[in-house]
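Residue strings, one per chain:
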Amino acid sequence: MRALIQRVTRASVTVDGQVVGSCERGYLIFLGVGHGDSEEQVEQLWSKVSRLRIFEDENGKINRSLADVEGDVLVVSQFTLYATCKRGNRPSFTCAAPPDEARRLYEAFADRARRDVARVGTGEFGAMMSVELVNDGPFTIWLDTDEL
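Structural notes, computed from the coordinates. Being a predicted model, the structure only gives us computed values, none of them experimental. (Residues numbered from 1 in each chain as written. Predicted model: local features only at pLDDT ≥ 70, side-chain atom pairs only at ≥ 80, totals over all residues. Heavy atoms only, no water.)

1. Considerations on the overall build of the protein chain
In terms of helices and strands, the protein chain carries two helices and eight strands. Listing each helix as α and each strand as β along the protein chain from the N terminus yields β-β-β-α-β-β-β-α-β-β. A compact globule built from 148 residues should have a C-alpha radius of gyration of about 15 Å, and the protein chain, at 15 Å, falls within 12% of that. The 148 residues of the protein chain split such that 44% are buried. Within the protein chain, contacts between residues separated by at least 24 positions form 73% of all contacts whose residues are at least 6 apart in sequence. Total accessible area computed for the protein chain in this model is approximately 8300 Å², and 45% of it derives from carbon and sulfur atoms. Charged side chains of the protein chain number 18 positive and 23 negative; the gap between the two group centres comes to 4 Å. (Helix = DSSP H or I, 4+ residues; strand = E, 2+ residues; numbered from the N terminus. Rg over C-alpha atoms; globule rule 2.2 N^0.38 Å. Buried < 20%, exposed > 50% of the residue type's maximum accessible area, 1.4 Å probe, protein only. Contact = heavy atoms within 4.5 Å. Areas by Shrake-Rupley, 256 points an atom, 1.4 Å probe, with all protein chains shown as cover. Lys, Arg positive; Asp, Glu negative; His and termini not counted. Charge placed at Lys NZ, Arg CZ, Asp CG, Glu CD.)

This is how it looks when you write it as structure tokens:
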């Protein structure tokens, strides 16, 4: 399972002209599910994400977690995090999980986040989405459960 985490001051996702999910200060998480991922990776990834200390404390030091700042989360499914470009110039997505399994684990990840975070928004799985964000920093982190 892979996550591209952006520390944001705000973010939103729109489908067919309607905002379907949003967050204020916190994380925009683009989430990709790969072959072989399970609830174990959901828990492993959320455990790391929730404990990241990437917000500034009162001294300007990067030392505070999402819980410390009472931050929000917006989770957006993104199978393209599993793109491979080893052969040619057109990406292959064969390493991404099949849609039904990816949807199940994407929803499980969002549900797991809701156990710890008061406000968790989501995109619409499988839809063409427009994502708007204000990256705070900028601060972007790449996590892959194969490397945790």
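2. Things to note about the side chain of Asp37
Of note, Asp37 is situated in the loop between strand E3 (26-32) and helix H1 (39-51). Of the side chains bearing the opposite charge, Arg2 lies closest to the buried Asp37, which forms no salt bridge; the N-O distance is 7.6 Å. Within the structure, the side chain of Asp37 is placed 2.9 Å from the backbone nitrogen of Met1, a separation counted as a polar contact. Once you skip the residues sitting within four places of it in the chain, Asp37 turns out to touch Met1, Gly32, Tyr82, Glu101, Leu105 and Thr145. (Salt bridge = Lys/Arg side-chain N within 4 Å of Asp/Glu carboxyl O. Polar contact = N/O pair within 3.5 Å; in protein donor to acceptor, adjacent residues only side chain to side chain.)

3. Some remarks on H1
Under the 1.5 Å per step criterion, the end-to-end length of H1 is 18 Å for 13 residues, consistent within 8% with the ideal 18 Å. Taken residue by residue, H1 has Gln41, Val42, Leu45, Trp46, Val49 and Ser50 as its buried positions. Along the axis of H1, the buried positions cluster into a sector of 150°, meaning they face one direction only. Along H1, exposed side chains directed more than 90 degrees from the buried face belong to Glu40 and Arg51. As for H1, its buried residues are in contact with strand E1 (2-15), E3, strand E5 (62-65), strand E6 (72-77), helix H2 (99-114) and strand E8 (130-144). (Expected span 1.5 Å × (residues − 1). Arc of directions from axis to C-beta.)

4. Focus: the nonpolar core
Grouped together as the largest cluster of nonpolar side chains are 28 residues, with contacts concentrated most on Tyr27, Ile29, Trp46 and Phe109. Put simply, the parts of the chain that give this core at least two residues each are E1, E3, H1, strand E4 (53-56), E6 and H2. Of all the elements, H2 adds the most residues to this core, at five residues. Membership of the second largest hydrophobic core comes to 11 residues, among which are Val8, Ala11, Val15 and Leu81. (Core = buried A, V, L, I, M, F, W, Y, C linked by side-chain atoms within 4.5 Å.)

5. Re the packing of H1 against H2
Describing two packed helices takes the angle between their axes plus the distance from one axis to the other. It is at 10 Å that the axes of H1 and H2 come closest, and there the two elements cross at 40°. Comparing the axis directions of H1 and H2 gives the class oblique. The element H1 and its partner H2 pack so that their crossing is right-handed. Between H1 and H2, the residues in contact are Glu39, Val42, Glu43, Leu45 and Trp46 and Arg104, Leu105, Ala108, Phe109, Arg112 and Ala113, respectively. Looking at the contact of H1 with H2, its residues break down into seven nonpolar, no polar and four charged. (Axes fitted to C-alpha atoms, helices over the stretch in contact; angles between N-to-C directions. Parallel < 35°, antiparallel > 145°, perpendicular 65-115°, else oblique. Left-handed = near helix turned anticlockwise from the far one by under 90°. Nonpolar A, V, L, I, M, F, W, Y, C, P; charged D, E, K, R; others polar.)

6. Digging into the environment of Gly32
Along the chain, Gly32 falls in strand E3. Residue Gly32 is classed as buried on the basis of its relative accessible area of 0%. In contact with Gly32, other than residues within four places in its own chain, are Met1, Arg2, Asp37, Gln78, Leu81 and Tyr82.

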